[in-house]
Protein chains: 4
Amino acid sequence: MKAGIIGATGYGGLELLRFLHNHKEVEEVGLFTSSEEGTLFSSKFPHLTDLYNKPLLKIDYDALAKYDVVFASTPSGVSSTLFPPLIGLGPKLIDLSGDFRLKNLASYETWYKKPPAPEKIVEKSVYGLTEWNEAAIKKAVLIANPGCYPTAVLLSILPLIKHRLIDPNFLVIDAKSGISGAGNKPSQATHYSEANENFSIYKINEHQHIPEIEQAVSMFGGVDINITFNTHLVPMTRGILTTSYAQVTEGATGKQLIDCLTAAYEDHPFVRVIQEASSIGTNRVKGSNYCDIYVKLDERTNRATIIGVIDNLVKGAAGQAIQNMNVQFGLPQQTGLQLVPYFI
Amino acid sequence: MKAGIIGATGYGGLELLRFLHNHKEVEEVGLFTSSEEGTLFSSKFPHLTDLYNKPLLKIDYDALAKYDVVFASTPSGVSSTLFPPLIGLGPKLIDLSGDFRLKNLASYETWYKKPPAPEKIVEKSVYGLTEWNEAAIKKAVLIANPGCYPTAVLLSILPLIKHRLIDPNFLVIDAKSGISGAGNKPSQATHYSEANENFSIYKINEHQHIPEIEQAVSMFGGVDINITFNTHLVPMTRGILTTSYAQVTEGATGKQLIDCLTAAYEDHPFVRVIQEASSIGTNRVKGSNYCDIYVKLDERTNRATIIGVIDNLVKGAAGQAIQNMNVQFGLPQQTGLQLVPYFI
Amino acid sequence: MKAGIIGATGYGGLELLRFLHNHKEVEEVGLFTSSEEGTLFSSKFPHLTDLYNKPLLKIDYDALAKYDVVFASTPSGVSSTLFPPLIGLGPKLIDLSGDFRLKNLASYETWYKKPPAPEKIVEKSVYGLTEWNEAAIKKAVLIANPGCYPTAVLLSILPLIKHRLIDPNFLVIDAKSGISGAGNKPSQATHYSEANENFSIYKINEHQHIPEIEQAVSMFGGVDINITFNTHLVPMTRGILTTSYAQVTEGATGKQLIDCLTAAYEDHPFVRVIQEASSIGTNRVKGSNYCDIYVKLDERTNRATIIGVIDNLVKGAAGQAIQNMNVQFGLPQQTGLQLVPYFI
Amino acid sequence: MKAGIIGATGYGGLELLRFLHNHKEVEEVGLFTSSEEGTLFSSKFPHLTDLYNKPLLKIDYDALAKYDVVFASTPSGVSSTLFPPLIGLGPKLIDLSGDFRLKNLASYETWYKKPPAPEKIVEKSVYGLTEWNEAAIKKAVLIANPGCYPTAVLLSILPLIKHRLIDPNFLVIDAKSGISGAGNKPSQATHYSEANENFSIYKINEHQHIPEIEQAVSMFGGVDINITFNTHLVPMTRGILTTSYAQVTEGATGKQLIDCLTAAYEDHPFVRVIQEASSIGTNRVKGSNYCDIYVKLDERTNRATIIGVIDNLVKGAAGQAIQNMNVQFGLPQQTGLQLVPYFI
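Computed from a predicted model, the values in this text were never measured in an experiment.

1. Re the domain arrangement of chain A
Residues and elements named next belong to chain A. Per the domain assignment, the segments of chain A are domain 1 (2–146 + 315–328) and domain 2 (148–313). Look at where the C-alpha atoms of domain 1 and domain 2 centre, and you get two points 24 Å apart. Taken together, the 27 residues of domain 1 in the interface contact 36 residues of domain 2. At the boundary of domain 1 and domain 2, one finds two salt bridges.

2. Brief notes about the packing of aromatic side chains
Evaluation of the coordinates by the stated rule reveals 48 aromatic pairs over all chains. Ring geometry for Y149 of chain A against F229 of chain A: centres 5.7 Å apart, planes inclined by 80°, an arrangement best described as edge-to-face. With Y149 of chain A in helix α8 (residues 148–162) and F229 of chain A in strand β10 (residues 228–234), the pair connects residues that are 80 residues apart, well separated along the chain. Among the residues examined, F229 of chain A registers a relative accessible area of 0% and is labelled buried. Ring plane angle 10° and centroid distance 3.4 Å describe the contact between Y342 of chain A and Y342 of chain D, whose orientation is recorded as stacked.

3. With respect to the relation of the copies chain A and chain D
Both copies of the chain are placed relative to one another by a rotation about an axis and a shift along it. Between the two copies, chain A and chain D, the superposition gives an RMSD of 0.0 Å; the rotation angle is 180° and the shift along the axis is 0.0 Å. Expressed as a symmetry operation, the mapping of one chain copy onto the other fits a two-fold axis. An overlap of 100% is found between the interface residues of chain A and their copies at the interface of chain D, pointing to a shared contact surface.

4. A closer look at the sheet that holds strand β14 (residues 303–310) of chain C
Residue and element names in this part refer to chain C. What the seven strands build is an open sheet, ordered β9-β10-β8-β11-β14-β13-β12; its pairing is mixed. Two strands bound the open sheet, and with one partner strand each, they are β9 (200–202) and β12 (271–273). Averaged over all pairs of adjacent strands, the angle between their axes in this sheet comes to 20°, without regard to strand direction. Both β12 and strand β13 (residues 291–298) contribute to a ladder of three bridges, which runs parallel. Directly across from R272, in β13, lies its bridge partner D292. Helix α8 (residues 148–162) rests against β8 (172–178), β9, β10 (228–234), β11 (240–247), β12, β13 and β14 of the sheet, and its axis sits at about 140° to β14. Most of the contacts of helix α11 (residues 254–264) go to β13, to which it runs at about 165°, and overall it touches β12, β13 and β14.

5. Some words on the sheet that holds strand β9 (residues 200–202) of chain A
What holds strands together in a sheet is hydrogen bonding between their backbones, with the strands either parallel or antiparallel. All names here are of chain A. With mixed pairing, the seven strands of this open sheet are ordered in space as β9-β10-β8-β11-β14-β13-β12. Edge strands, defined here as strands with exactly one partner in the open sheet, are β9 and β12 (271–273). With strand direction ignored, the average angle separating the axes of adjacent strands in the sheet is 20°. The pairing of strand β8 (residues 172–178) with strand β11 (residues 240–247) spans six bridges and is classified as antiparallel. When the bridges of β11 are listed, K176 appears paired with L241.

6. What about the pairing of strand β2 (residues 28–33) of chain D?
Residues and elements named next belong to chain D. With five of its six residues buried, β2 lies for the most part within the structure. Between the parallel elements strand β1 (residues 2–6) and β2, the chain passes through helix α1 (residues 11–20) in a crossover that is right-handed. Relative to strand β3 (residues 57–58), β2 runs parallel, the two sharing two bridges. Considered in β3, the bridge of T33 is made with K58.

7. Section: the interface of chain A and chain D
Each partner contributes residues to the interface: chain A has 32 residues there, and chain D has 32 residues. Roughly 2600 Å² of surface becomes buried between chain A and chain D when both sides are summed, with 61% attributable to carbon and sulfur atoms. Area buried by chain A at its contact with chain D is led by H47, V340 and I344 of chain A, which between them contribute 28% of it. Along the contact surface separating chain A from chain D lie zero salt bridges. Seen at the junction of chain A and chain D, the total is twelve residue pairs in polar contact (both at pLDDT 80 or more). Element by element, the count of residues in the side of chain A that touches chain D is highest for helix α1 (residues 11–20) of chain A, at four residues.

Each value, and the rule that gives it
Going along each chain's sequence as written, the residues are numbered from 1 onward. Chain letters start at A and ligand numbers start at 1, both assigned in the order the entries are written. With the structure being a predicted model, the display of local features is reserved for residues of pLDDT at least 70 and the display and counting of side-chain atom pairs for 80 or more, all residues being used for whole-chain, interface and lining totals. Only hydrogens and water are removed before side-chain values are computed, so all heavy atoms of the structure are retained for them. Each domain's limits were defined by an automated method or a database of domain assignments. The contact rule is simple, with two residues in contact once any of their heavy atoms fall within 4.5 Å. By definition here, a salt bridge exists when the distance from a side-chain nitrogen of Lys or Arg to a carboxyl oxygen of Asp or Glu is within 4 Å. Aromatic contacts are taken between Phe, Tyr and Trp rings whose centres are within 6.5 Å, Trp giving its six-membered ring; a plane angle under 30 degrees counts as stacked, one over 60 as edge-to-face, and the others as tilted. Numbering of helices and strands runs from the N terminus, with a helix taken as a DSSP run of H or I at least four residues long and a strand as a DSSP run of E at least two residues long. Relative accessibility decides the category of a residue: with a 1.4 Å probe and only protein chains considered, values under 20% of the type maximum give buried, values over 50% give exposed, and everything between is partly exposed. Copy-to-copy superposition: least squares on the C-alpha atoms, limited to residues that have pLDDT of at least 70 in both copies. Following DSSP output, two strands are said to pair if at least two bridges run between them. Each axis is a line fitted through C-alpha atoms, and for a helix only the stretch in contact is used; angles between axes span 0 to 180 degrees, taken between their N-to-C directions. If you view a crossover with the strands going away from you and the path from the first strand over the helix to the second runs clockwise, you call it right-handed. Put simply, buried area is the surface a 1.4 Å probe can reach on two separate parts but cannot reach once they are joined, added for both. Polar contacts, as counted here, are pairs of nitrogen or oxygen atoms within 3.5 Å of one another; within protein the pair requires one atom able to donate a hydrogen and one able to accept it, and residues that are adjacent in sequence qualify only if both atoms are side-chain atoms.

Shown next as structure tokens:
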């Protein structure tokens, strides 16, 4: 297989490369760029010289058409224009940005403050939450790979919503992310001296992942809701932990909640139901494609605490994208993704 | 004034010393210990030799009686025994542990899993949330200095509850703390290689600050509630940020929420109502006695996000203790506490 | 006293403000800017609103002339132009950049790659290494405040060189700094995700502090040498630790080395000779004006390891500048500088 | 192949497991313990349940004899006793501790302050610096895997010494390590709040890697020397960077130094000669088996700065151990070790 990456110099692109390099079915990787054509990739990342010592390629549809799969790991508003002409030319397409996720184009404009992708293309795109949409992913030409926060949130809450064990009408989701989620472009907020030893909140009630989560809850959970969702910046590089709060349905027990999660994922190797709170932490999944989930009922208040943990750059981006590629190509989901969490 | 500190080698004790050293009304500090009598303080903290180059003193009531104020910065279950014999001997007493905070002794036993302090002493203790209890603090002999989390939570939510702008019946509080809150005793969970680059959750629904917050909401907000409250560990040394979520009362506007907070603290120098979300962060209060608070209404869901930010070792412990001491002794609240946040 | 700061929005400027705010002899601070005239200081640093809630002032010599002291905390190449017209107008001048440090103008051009300050002004400037140049500082109009690295290096090695206990001809200095030394301007090298968990080396043999150290060794140690000097970036915000290596003079003992340091600084409150290696660390001086120094002789090789530790923003910049101001104005050196190290 | 690990719950052991899990020639791994027999490995490391969900095995020579290779990743003083009875029973043995590295038993006692391994066994052991000792490693039964610091130092300086381009008689080596090098046992020095934001020095002139480096310089460089060697603790988890300083031989040029390194490693995939100082950093090798090296001549002083960078847990421990295993078993050196550096 030949895999192309557009936007290879961002953190998502680097992670795609890290995994594809050791993916036994991928024999060639091509790195494409819209702005740095001809730049030697290894001049930007000299420590990756062994992996890829060629110039970045110009985005050219004839060239891209020869790849089996093309990933776009670009800022929002880029693949909405770049990808449509590629449809039907051959390659499977996997977009890591938010450009094809929201079926409601007006919603895209509202939350992303950018013009949406063409309606017909968005209609065809398949939401790549692998564990919940495998059948559609298998047949998809264009996959909208989920956002980092939605991945952690949805994998942890969807089974409980689907089985009506929690009341989704007052769902409060408090999300925390490492700073790599902000990408590789320097800014005051990500300047080391100001981000280090600082915990902060951002995009209060305004994160573009809100409509994505709501749409997926509607699609897979069968209920339309408005969530409360906030995002925080943690002084560490990788990792997302989301803490969701909901009233449980009358009569539901803590054991039922846990059993529900366990049953939902028993055939899914990358989602692990954690038993002990002390075993939850972003370092337990770091560098790997795992999503660890956990639920606990507070009998005093009859509310559940539901946790989702991922590496934002892996299961929250490049890892899930490759997992989707594996599904598209009929490979075992774990191919090339069996890296062990670093832990330390 | 002469100030004694019991438990001076813990982080709370070190912070008391840091501030008292530059407190213009305090001319002498004595450091007491229950287990390290005779140890030279500067042998444990050689970089503080200039401040205190004497042996740690044995806890002796005759000696302690000569101090104007005695702070206990000890683990829970210690001052409940140590402090009672000191009552009436002269010194004002300020306890930084949880031993005298809960008026309901059974609740103390349930949450702390230790025997409570004597009932008559607990009855006399005054909860030292300075901005809300100044009159009582002024006359108090024994002050129960608030917990770190309750300080950030209560200062940010109490005005809104008192003025019935939020519905306290589904109050979800998601709290995050730097690792210094775990104290100075090494453990696997605070071992650098495992705590670094790791965001985790702990004591789910089980933190002993839950009944403290509920009691204070009842006392100052006039309503009995059961909160949902979880605590997370952030890979940084200092700082607490709490994110509280509540449905707002019908008709309440975002402006009313902000005005309510502003009015509540206009005469309180250490509580600052923040206007912009981008100005919120634990590094904005680091090393200082400030509590920064913020509220924002999500008109889509009619729910409010309420933020409280403190340095857990200062406003969440030693700083507030000295603020209370100042009130007890009729000094301006800011005496000795005007340190500027480090920021970086 | 009235103190003006040019370049107040940089990290050095913020630290000046942090200390001057609690300096009992300074009743007014004015913040000046060359590029952000009229910007409300508190709009950039909202958490400092209490300290300074006025617009940044335009650099105007009539206005500046009314201050008792003016600090420049600007990038190199700025005060060389800004300061000369102020000479003789009244204020004492303290420059935190390198513009007036090197007496040899050609050397300045070589290492800084910028045009030097006017020769006559440079001649008049006094190198502000307080402990070694107090008499001259007292009478100085213009002080060239030492660089951060030179401060740690010089305070630790000068006594040993002056007393010929080490051979300065093969002096190897390996220096390490926290990232705040790079200033507040975002860049790829200081982007959180790339600076975090990364230890690196920079400016190999090329740091502009090399000629500054050599000049001071000549001036205070009486010997002309060429040093080997490298600088490393440590993933932390504050702190410098320098490790210097030298062959000791024949017959010199470890005790002589320690005694030499002790004698040199016995009347200097900010330089502490550390006895135990385990007491050395940047967190022992963090936020304070201390310089901790240490020496150990390796009898196996007859070489000495000499350590200097400072907070780069305090003793390495703003703190030493205020110490120099105190000397200029006949105040006790410690005025306004008695902050206790944070440690944690 | 079947691989046994003694000391699997330490950081070195975890890394062995991380790599062996994806090593295509290793079909079974057994984890042995001297003190935690019967403990379920996954109860200690629940996030590794998928990898190994069995109890830790008792150290039993009959059981161990059935493995093809046995690694000991134990503290010093353990394998000196555990390994000798295994010699000749079948498995190849690889010791990650210092117990079999020093040929001079008296030196071991002096530096390690423990009784040495039996002389006859030490004589047979082969020093596992793969790039310099491959022929001997191929035939070795017992490999003494190099220490973390010596690996970075030796790979960077040996070619220059061997070719007499630097004068080894005044070799100053300033080494810096992430905190994972201290192992997994909590202590005050590795307690998060005290290690974080702190750069410190330890074991001044006293590190047990000193005689190991000197022995290897003698063995591979053909010259007996006494080095100056100090070690520092960097507030990050992984990574070692060593900065070595030496006078270059008269007439040697910077280009000769670089060419010498390049030629030495042209056939060695894990040692990379770096061209630009800005490409040097511990994050460039993190998680991988690479050793990055660099040299620069300072023409002003005729001294060279020589850099070595590794991940202390990989090339400095588990990675090099597996590289040695590959050599012993006639596999390509890179088998199972092709993980891409994480970078961020």
